[in-house]
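Close look at the chain arrangement
What follows is each chain in one-letter form.
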Amino acid sequence: MTPQHDPGQARPFRVMKFGGSSVGAADRLFQALDLIARERQAGPVAVVVSAMADTTDRLIAAVDAAAAGLAADPHVDAIEALVVGVARDLTDRLQRAGLLVHVPEDLSPAIAELMRPLRQLLLGVGLVRERTLQTRDLALSFGERASVLVVRALLVARGVDAVAVDARDWTVTDDRFGQATPDLGASALQLGDLSAAWSGAVSVHTGFLGRTRDGRTTTLGRNGSDYTAALLAQILGAAELQIWTDVSGVMTADPDLVLEAYPVAHLSQAEALELGDLGMILHPRTMAPLIEARIPLRVRNTARPADPGTLIDVVGTRDERHPVCVVSTEDLALLDLETRRRLGHERIGERALRALANAGVPVWVGTAAPRDRAFAVAVARQDAARAEAALSAEFGRTTEGEPVELAPIRVRQPVTLLTLVGEAMGRTPNVAGRFFGALGQIGVLVRASAQGAGERSISAVIDGEDTATAVRTVHAAFNLAAQEVNLLVLGKGTVGRELLAQIAAQQQALASNQDVFIKLAGVVDSKRAVFDPAGIPAAQWDVRLQESHVPPDIPALLERLRRLPVPILVDCTAEDTSAVYEAALACGIHVVGANKRPLAAAWPIRQGLMDMARKRHRRWEYETTVGASLPVIDTLKGLVRTGDAILRIEGSFSGTLGYLAGELSRGVPLSHAVRDARARGYTEPHPRDDLSGLDVARKALILARELGMELDLDAVAIEPFAPPEALGHDDLERFFLALAEQDAAVAARIERMRQAGRVLRYLAQIDPSAPAGVPAVRVGPVEVEPDHPAARLRGTEAFVAFTTDRHRAYPLLVQGAGAGGAVTAAGVLTDILKIAMSLRGR
Ligand SMILES: NC(=O)C1=CN([C@@H]2O[C@H](COP(=O)(O)OP(=O)(O)OC[C@H]3O[C@@H](n4cnc5c(N)ncnc54)[C@H](OP(=O)(O)O)[C@@H]3O)[C@@H](O)[C@H]2O)C=CC1
Ligand SMILES: N[C@@H](CC=O)C(=O)O
């Protein structure tokens, strides 16, 4: 087909198509006329319009009513009222805006006149009580014809020369009513004759409509107006087709499921075809004329004309790393067929598809096991029963008449077809790995899967209830938008407060540089809670918490948290929160904890939490429980995972006790040094936990358990840092008074050590192969020689030395600040980011 546009002609046509929402209300149509007027200034324009708003549905209802012997006139009255109303409102608006070149005649008589034959037709349908597709097509044509009448009249009134074109006068089709196919050559000839009369005016065409060679009205099926527009663009040799609708382009995912979904800037025609198969943008047959004539398509929003929309052309985006969209097709059923023995030469997939086609059941996806022993097919839920019946009938016997050993057909519903679309699929390695990996991370079961033969899509069938989380996770895993994580922070003491300050400071940078959006959903202390699913501005949490009178009802808060994308419980308390962790993990919430107590709880409790996290595919991150932000646990896990044998772990695990030892060496009395350490945020909420050795014992136990040592706290040999008689008081002031009584004795001991050339350090040792009778885990004060690695520690420095099979001669050392709000909070934030990043497939 030769396009009508003569390449010598300076400015080719632009075709603009306006859908039902763009012409069905005065404000939108006002905008549409403006867009047409502007585009006209740049060159020749042809416009295609759909029926206004719900007119097509109303026309179908009118035909159905007539065929059922009911009154159809009220439907036609409603359509007439809508069209007249839009025309009047629009005239007023144009007048108020000073855009009318002349006041248009009242359109109501013309609209009534247009509708007269429709009323007669419906009367006829009522008389014969017969409703054929042919009759329905004729009735439907009145919707688009009414739109053209209004749009042309008001364009002219606005000073844009325009002609109305009934597309039936040029769209020559076959006689498949309801789904007619145009004849391109014949249509081009007809259009050629018509267009001669336009002489520079904007031609306004009815979308959706055609006519058979013998003059009967047809319609072009679903998205028929788009088809008309694509055909018109092809015949006119247009430079571009613009589809004006109510969204700002093709979205990266369903915005109802993914708040951060956004319009894709650029797609290839092949990607658009793939999306068309999934019911998005244009139906594949509508894309055909554009592909054939290599015409770019722009999808734009009439209500937001400044938005660039989506451009669809031959090349598409040049960014081959990212897929473009995650499409979720919901409300499907998955039918699983499995033969107990092979069916000779028969392919069960082939037969199943044929049976479903014969039963008129459309198939969304079908996947076969190797050599076709099993086959799974997804169909719309409403077709599930028919599909099952058709398959049961088909597989009652082999084609040779033998009974088939088919396991009972299993029907699973509702399921969702989750499809990732993009050229990246065939050009970037590991897209499939990341797709399934992201689903696996959040524990979504894949019931069936398929990778498109065109290498532009990959699909997974998942349970319907997993849809929202799965779409969000895959969307985030491919960096289609920032990964949102939602935090509920328990505790706003030294660590919690500092964490919230770091989040406030880093939130912006994390969103722009790392595509991670940290949302603070709630903060809880020992007395109250504040929770807002929309997010608490990180700079306002303090005020919001102070103003709150809500008691900290943790189960209720977890219930609200779990409904948000990537929910994370952040534990910055020093309480026994094992039960809270269990509830959180059980309902799908990740946990990040600086709190050692759940990890040091009785072995079955700690192990139960680990199992729960594994079973629910949730993360429990706790790097800061040993050595604040030092990478102690990660290092140990790495050694264990890579098969190294851990011979011994030793070190000074407590920044607090390291600091105190240093202060004592400088001559500071014990009670003063502890007060100072507490004020600096180094100690546990009650410093007794440090001085008694309990806190270090917990750390040592945490590390020992990483080695698989099934120990409890009572198996740890603990020698306290300070004399036990000073540690009895809960009340802090009494505690400090009792401590002061020990100042002199402690100072004397330190002095003795100094004279002997040694320094005091509090060390821990984990010896997995300790002989029977010797504690495998020991913590206690040690007088170390000057050449001991611990002797060189300063301030809150801690160190952990791993002697392993591979690090035998030179132990692997992790050393640095081991206590303090800032470093610990940074470690907690790092753990939060680990979860966010892992969900992005990075
Ligand atoms: N400080 C450090 O250097 C390090 C600390 N850690 C660990 O971090 C955790 C926090 O330490 P830190 O910030 O110093 O302690 P703080 O005592 O300063 O803060 C504890 C917070 O927990 C809150 N809290 C107490 N009970 C509850 C409860 N039932 N529900 C909710 N919140 C509660 C307190 O509330 P309220 O404000 O109402 O009293 C307080 O805000 C500890 O487990 C500690 O071992 C780990 C590594 C280093
Ligand atoms: N008091 C603790 C703080 C971190 O866990 C210590 O220094 O060990």
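Residues numbered from 1 in each chain as written. Chains lettered and ligands numbered in written order. Predicted model: local features only at pLDDT ≥ 70, side-chain atom pairs only at ≥ 80, totals over all residues. Heavy atoms only, no water.

Per an unreviewed UniProt entry, the protein chain goes by Aspartate kinase and derives from Nannocystis pusilla. According to its UniProt record, the protein chain has this under Function (unreviewed entry): "Bifunctional aspartate kinase and homoserine dehydrogenase that catalyzes the first and the third steps toward the synthesis of lysine, methionine and threonine from aspartate." (UniProt positions renumbered as here; feature names shortened; annotations may be inferred.)

Moving on, we get to the sheet that holds strand β8 (residues 240-245). Strand order across the open sheet formed by eight strands is β3-β5-β2-β1-β8-β10-β11-β9, with mixed pairing between neighbours. The open sheet is flanked by β3 (162-165) and β9 (266-268), the only strands paired with a single partner. The sheet shows a mean angle of 20° between the axes of neighbouring strands, direction not considered. Helix-sheet contacts for helix α6 (residues 133-157) involve β2 (45-49), β3 and β5 (202-206), and the interaxial angle to β5 is about 165°. (Pairing = 2+ DSSP bridges. Helix = DSSP H or I, 4+ residues; strand = E, 2+ residues; numbered from the N terminus. Axes fitted to C-alpha atoms, helices over the stretch in contact; angles between N-to-C directions. Contact = heavy atoms within 4.5 Å.)

With that out of the way, let us pick up the environment of L127. On the secondary structure map, L127 appears in helix α5 (residues 108-128). Sequence separation between L127 and A66 is 61 residues; the distance between their C-alpha atoms is 8.3 Å.

Around ligand 1, a shell composed of 24 residues is seen, among which K492, S526, T573, E684 and G820 lie nearest. Residue V495 places a main-chain N or O atom 2.8 Å away from an oxygen atom belonging to ligand 1. For ligand 1, the accessible surface in isolation is 910 Å², of which the surrounding protein chains cover 82%. Taken together, the residues of the shell around ligand 1 sort by class into eight nonpolar, 10 polar and six charged. (Near = heavy atom within 4 Å. Polar contact = N/O pair within 3.5 Å; in protein donor to acceptor, adjacent residues only side chain to side chain. Areas by Shrake-Rupley, 256 points an atom, 1.4 Å probe, with all protein chains shown as cover. Nonpolar A, V, L, I, M, F, W, Y, C, P; charged D, E, K, R; others polar.)

This next bit is on the site of ligand 2. Taken together, K596, S654, G655, T656, Y682, T683, E684, D690, D695, K699, G818 and A819 make up the full set of residues near ligand 2. For ligand 2, an oxygen atom lies 2.8 Å from a polar atom in the side chain of K596. Here an oxygen atom of ligand 2 and a side-chain polar atom of K699 are 2.3 Å apart. Compared with its free state, where it exposes 250 Å², ligand 2 has 93% of that area covered by protein. Listed by contribution, the elements that provide at least two residues to the shell around ligand 2 are α23 (655-665) and α26 (694-706). The class makeup of the residues in the shell around ligand 2 is two nonpolar, five polar and five charged.

Looking now at helix α27 (residues 732-740). Among all positions in α27, only F735, F736, A738 and L739 are buried. The buried residues of α27 occupy an angular sector of 160° when projected down its axis, which confines them to one face. Turned more than 90 degrees away from the buried face of α27 sit R734 and L737, all of them exposed. Against the buried residues of α27 lie α24 (670-679), α25 (688-691) and α28 (743-755). For α27, the N-terminal capping position is held by D731, with its side-chain oxygen 3.3 Å away from the main-chain nitrogen of E733. (Buried < 20%, exposed > 50% of the residue type's maximum accessible area, 1.4 Å probe, protein only. Arc of directions from axis to C-beta.)

In this structure, L569, L691 and L703 are the most contacted members of the largest nonpolar core, which totals 78 residues. Top contributing element to this core by residue count: α26, with seven residues. Setting aside chain neighbours within four positions, we find L569 in contact with L488, L490, L558, L561, V580, Y581, A584, I589, H590, V591 and V592. Residues A62, V83, A157 and V202 belong to the second largest nonpolar core, which totals 55 residues. (Core = buried A, V, L, I, M, F, W, Y, C linked by side-chain atoms within 4.5 Å.)

Further remarks concern the sheet that holds strand β7 (residues 217-219). Backbone hydrogen bonds are what pair the strands of a sheet, in a parallel or an antiparallel way. Strand order across the open sheet formed by three strands is β4-β6-β7, with mixed pairing between neighbours. The strands lining the two open edges of the sheet, one partner per strand, are β4 (172-173) and β7. Note: strand β6 (residues 209-212) against β7, three bridges, orientation antiparallel. In the sheet register, G210 faces β7, and the bridge partner there is T218. Contacts from α6 reach β6 and β7 within the one sheet, and its direction differs from that of β7 by about 80°.

A few words on the packing of aromatic side chains. The tally for this structure, following the rule as stated, stands at eight aromatic pairs. Here the aromatic rings of Y581 and W620 are separated by 5.5 Å at their centres, their planes lie at 90°, and the arrangement is edge-to-face. Residue Y581 is located in helix α19 (residues 578-586), and its partner W620 is located in strand β23 (residues 620-621); the two are separated by 39 residues in the primary sequence. Among the residues examined, Y581 registers a relative accessible area of 1% and is labelled buried. Ring pairing ties together the aromatic residues Y581, W620 and Y622, which thus form one cluster. Here the guanidinium or amino end of R145 rests over the ring plane of F142, the centre of that ring lying 4.2 Å away. Sitting above the plane of the F736 ring, R675 keeps its charged end 4.3 Å from the centroid. (Phe/Tyr/Trp six-rings, centres within 6.5 Å; stacked < 30°, edge-to-face > 60°. Lys NZ or Arg CZ within 6 Å of the ring centre and 35° of its normal.)

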